[in-house]
Amino acid sequence: MANKGLQILGFALALLGVIGLIIGTILPQWKMSAFVGSNIITAVSMYEGLWMSCAFQSTGQIQCKVYDSMLQLNSALQATRALMVVSIIVVVAGMGAAGMGMKCTNCGGDDQVKKAKIAMTGGIIILIGALCAIVACSWYANDIVRAFYDPFTPVNTRYEFGSAIFIGWAGSFLAIIGGAMLAASCPREKRSPSYPMSSRPPSNKQDYV
């Protein structure tokens, strides 16, 4: 019963994690303009995401523009795009596999050992997808930090972390916890009862008259 509850909790956390990954991938607030230096202009805030860049004006107007060419993007952005999409696909596939192996489902047959192996495999797949998302977010964050402290970067073009990158990190950690719980569904083999060996020598049957 405890193992069943652990599987349900792990699946729920993985579901919340993949929702966070999807939201973080779509949102354009991966990095936001940093107001540093002597000339601070707060009338317009610039945001850049994986798919578009947006300008938020103080009047409430929002103007977004999708990136025209993929080849014009830097390597960090292209790698982050690919890793985030791969991580979402892998986590969803792992959730499908784990769902078939959970004790509360009828898929996978009645063999509980086989179902536990399927759930454990699904949890491992979820872990792989979550690690891909962590690498993507950390890579993008490292690119932001490196550009921020680069002395050759103009002050008005420096950026800092946006909310979407934190959502991506949170979704990744939730998926890791959920995948670890599902991977903990280790199958327990049924042991056949062992009987002690008899130390008595075989008796010779003799007929007595």
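Residues numbered from 1 in each chain as written. Predicted model: local features only at pLDDT ≥ 70, side-chain atom pairs only at ≥ 80, totals over all residues. Heavy atoms only, no water.

Details of the sheet that holds strand β5 (residues 159-161)
Strands in a sheet are paired, the pairing made by backbone hydrogen bonds, and the direction either parallel or antiparallel.
In step 1: Ordered in space as β4-β3-β2-β1-β5, the 5 strands form an open sheet in which the pairing is antiparallel. For this open sheet the edge positions go to β4 (62-66) and β5, each flanked by a neighbour on one side alone. Ignoring which end each strand starts from, the neighbouring axes of this sheet average 25° apart.
In step 2: Of the strands in this sheet, β1 (31-33), β2 (44-48) and β5 are in contact with helix α3 (residues 112-148), which crosses β5 at around 145°. (Pairing = 2+ DSSP bridges. Helix = DSSP H or I, 4+ residues; strand = E, 2+ residues; numbered from the N terminus. Axes fitted to C-alpha atoms, helices over the stretch in contact; angles between N-to-C directions. Contact = heavy atoms within 4.5 Å.)

Remarks on the pairing of β2
In step 1: Judged by which residues are buried, β2 turns out to be one-sided: S45 and Y47 face inward and are buried, whereas V44, M46 and E48, on the alternate face, are not.
In step 2: Where β1 meets β2, 2 bridges bridge the pair, whose relative direction is antiparallel. Considered in β2, the bridge of M32 is made with Y47.
In step 3: Alignment of β2 against strand β3 (residues 52-57), held across 5 bridges, turns out to be antiparallel. (Buried < 20%, exposed > 50% of the residue type's maximum accessible area, 1.4 Å probe, protein only.)

On their own, these measurements won't tell you what the molecule is for.
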